[in-house]
Amino acid sequence: MLNIDALTKRFGDKTAVDAANISVGTPTMIGVIGRSGAGKSTLLRMVNRLSDATTGSITYEGEEITALRGAAKRNWQSRCAMIFQQFNLVPRMDVVSNVLHGTLNSRSTLATMFNLYPQADIHRAIEILDRLGIADQAPKRAEALSGGQQQRVAIARALMQDPKIILADEPIASLDPMNAQVVMQSLRTIHEEDGRMVIANLHTLDTARRYCDRVIGMRDGRIVFDGTPAQLTTGVARDIYGAGADFSEAATSTEIETLDRQTTCAAGAYA
Amino acid sequence: MADISLSGAPQRVDDIQSSYMAQVQRRRLYGGLTLLIFVVLMVSGFNIADDRNAGGFWEGLHQIGDYPADVLSEAWAKRADLPGLIVKYFPALVETINIAAVSTLIGALGGLFLSLLGTRGLARWPRLIPLFRRLSDIMRAVPEIVIALVLIFILGGGPVPAMIAIAIHTAGALGKMFSEVAENADLKSVEGLASTGATWSQRMLLGVLPQVAPNYVSYALLRFEINIRASAILGFVGAGGLGYELRNAMAWGPGRFDEAGAIFILLFGTIVFFDQLSSRYRNRLTEGHGQ
């Protein structure tokens, strides 16, 4: 399905992504992990064509994505939804309008200006919001919502695009553990129920381990690990994060359960 | 544990859908009405204006290209003379640019004082803030051409009245823009300098100016561009420079259109040149230190 071949991105003399090769056969939930600055975001932005690759190619079902221009490129972007760390909604517009922005690729600017979305689309937008459990918030302004709710609106916008691939760039990095779990669970459910491919940048190891079928580790722009969560041993993780022997998985965790596990361990040790 | 419901109660979703649709319909109605009122006002306003117009808009519309076509065809017919004419009018261009440069410098200096004296938190005499603000309002409310006409009447024609006229307008306009920048300046360093016993001018010079300088220079460069245009226009009322020559060439009608063409080329080239130059410097000043 998706083939990334020797994809490279340079900013001046700095190489952000260095000859990345990824091949995905069936819709999978993939977690990309690595330190900040490892090139995870740049990789996803190139897949969405928000930024252009320096060299290398991306093909999706035989179609060369990196060569698309103009309307064809925007059409690809509508088939390949993106979710951002800071949600990137239009704060002053209501939630349903923000979700309806997912259909912009098939709308003219004039129709958008006069807010002429078909009734069927408006109904579908509210159904998607209901699926994500935030239909109550439909008429509110996006800026009035909490971070976790805003991220779910962003997911709803992505679903409104009816995409084959959903890219999530650090979707939970600015959320508290509770909301992080809701958002990751939503992405997992979308993957399982709709059969969409999900590629998520995550900076915590346990999230990737818990929700993803396949984990890709990046370090300094290179792909240093590509396998199942089970193959991701502590040694490999140390290598990805460039950490020393004092590195433990719990140290990068944002999960409540990890904390629980630690406290129970500690409690066990004291007992 | 937070579990998200993936199957909401259908009744409730229907309610939300219908109430949101009602809201959308109401919004569309208001939007449509606003558009209708706008179109009606525009059309009726245009018809009134067209009735009062001496010539009539529709009768004159097809002639709109005649004059430029005359100028262009004559200039093209005598294109061999153009380089010579451009050389001939180059001193006039230099005069126009000089008027603009001097008036921008003097106006920016005036605007600097007006802005510092008219900004809350920075002003030397806080009670006089409204005075300095109104002063800069008046200076930019009066068009350059009006000041120039009055000054030409008093002082006689030439570049000096034009320079004073543009400088007065520039001081008013830049005073407003500068004071908006100064309002956002961080006052902590000013307070620090005040604690050492520095005078007002020392505090402004060392505490405020370094912060606002990039924005001030950028606004002043933008103003310089505008002033080149203004000084060319003031030539029409006898202030010398390129505008004066252009008026002569155009007013005497066919036969000197080649000169008008040469002056247009000079003016256009100059404005493009300074526009490019200043936008490059402005970008460098506002976006960061020389890359």
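Residues numbered from 1 in each chain as written. Chains lettered and ligands numbered in written order. Predicted model: local features only at pLDDT ≥ 70, side-chain atom pairs only at ≥ 80, totals over all residues.

1. Quick notes on the overall build of chain B
Defined as follows: For the purposes of this entry, the term helix denotes a DSSP run of H or I that reaches at least four residues, the term strand denotes a run of E that reaches at least two, and both are numbered from the N terminus. Two things to know: the radius of gyration comes from C-alpha atoms, and the globule rule equals 2.2 Å times the number of residues to the power 0.38. Any residue whose C-beta has 12 or fewer other C-beta atoms within 10 Å is treated as exposed, any with 20 or more as buried, and any in between as partly exposed, C-beta atoms being built from the backbone. Here, residues touch in the contact sense if the C-beta positions derived from the backbone fall within 7 Å of one another.
The number of helices and strands found in chain B is 11 helices and 0 strands. Reading chain B from its N terminus to its C terminus gives the helix and strand order α-α-α-α-α-α-α-α-α-α-α. Taking 19 Å as the expected radius of gyration for a compact globule of 291 residues, we find that chain B reaches 28 Å, considerably beyond that expectation. Considering only C-alpha atoms, chain B reaches an extent of 85 × 70 × 45 Å along its principal axes. Per-residue burial for chain B yields a buried fraction of 31% across its 291 residues. Across chain B, contacts joining residues at least 24 apart in sequence account for 74% of those joining residues at least 6 apart.

2. Quick look at the sheet that holds strand β7 (residues 165-169) of chain A
Residue and element names in this part refer to chain A. What counts, and what does not: Pairs of strands are assigned from DSSP output, requiring at least two bridges between the strands. The angle between two axes is taken between their N-to-C directions and runs from 0 to 180 degrees, where each axis is a line fitted to C-alpha atoms and a helix contributes only its stretch in contact.
Read across the sheet, 6 strands follow the order β6-β7-β8-β3-β9-β10 without closing on themselves; strand pairing throughout is mixed. On the outer flanks of this sheet lie β6 (80-83) and β10 (222-227), each paired with one strand and no other. Recorded for the sheet is a direction-independent mean angle of 15° between the axes of neighbouring strands. In the sheet, β7 pairs with strand β8 (residues 197-201) via 5 bridges, with the strands oriented parallel.

3. Comments concerning the interface of chain A and chain B
Operational definition: Only Asp, Glu, Lys and Arg are considered charged, only Ala, Val, Leu, Ile, Met, Phe, Trp, Tyr, Cys and Pro nonpolar, and every remaining residue, Gly among them, polar.
In this complex, chain A contributes 21 residues to the contact, which on the side of chain B involves 15 residues. Listed by contribution, the elements that provide at least two residues to the side of chain A that touches chain B are α5 (119-131) and α7 (177-194) of chain A. The greatest single-element share of the side of chain A that touches chain B, amounting to 7 residues, is contributed by α5(A). Looking at side-chain class alone, the side of chain A that touches chain B contains 10 nonpolar, 8 polar and 3 charged residues.

4. A closer look at the sheet that holds strand β1 (residues 2-11) of chain A
All names here are of chain A. Within the open sheet, the 4 strands sit side by side as β2-β1-β4-β5. Their pairing is antiparallel. One side of each edge strand has no neighbouring strand; the edge strands of this open sheet are β2 (14-24) and β5 (63-64). The sheet contact formed by β1 and β2 spans 7 bridges and is antiparallel. What sits directly across from Leu7, in β2, is Ala20. Contacts between helix α1 (residues 40-48) and the sheet are confined to β1, β2 and β4 (55-60), with β2 contributing the most and set at about 60° to the helix.

5. Details of unusual backbone geometry
Peptide bonds are mostly trans, and most non-glycine residues show a negative phi. Residues and elements named next belong to chain A. Within the chain, Ala19 stands out as a residue other than glycine whose phi angle is a positive 45°. Position of Ala19 relative to the elements: it lies in strand β2. Residue class for Ala19 comes out partly exposed when judged on the 14 C-beta atoms lying within 10 Å of it. The backbone phi angle of Asn88 is positive, close to 50°, even though this residue is not glycine. Mapped onto the fold, Asn88 is located in the loop between β6 and α3 (95-100). A count of 14 C-beta atoms within 10 Å places Asn88 in the partly exposed class.

6. What about the nonpolar core?
For the record, the criterion: For this entry, the nonpolar core is defined as buried Ala, Val, Leu, Ile, Met, Phe, Trp, Tyr and Cys residues connected by C-beta atoms within 7 Å.
Ranked by size, the top nonpolar core spans 75 residues in total, and within it Val99(A), Leu129(A), Leu167(A) and Val198(A) carry the most contacts. The greatest single-element share of this core, amounting to 7 residues, is contributed by helix α6 (residues 147-160) of chain A. With 54 residues, the next largest nonpolar core counts Ala75(B), Leu114(B), Leu116(B) and Ala239(B) among its residues.

7. Comments concerning the confidence of the model for chain B
Residues and elements named next belong to chain B. Selection rule: Each residue carries a pLDDT score, the predictor's confidence in it, ranging from 0 to 100.
Scored by pLDDT, chain B comes out at a mean of 85, with 93% of its residues at no less than 70. When pLDDT is averaged over each helix and strand of chain B, the minimum, 77, is found for helix α2 (residues 57-61) and the maximum, 93, for helix α5 (residues 129-141). When the criterion is pLDDT under 50, residues 1-8 qualifies, and its contacts beyond four places in sequence or with other chains add up to 14 contacts. This complex was scored by the predictor with a pTM of 0.70 and an ipTM of 0.73.

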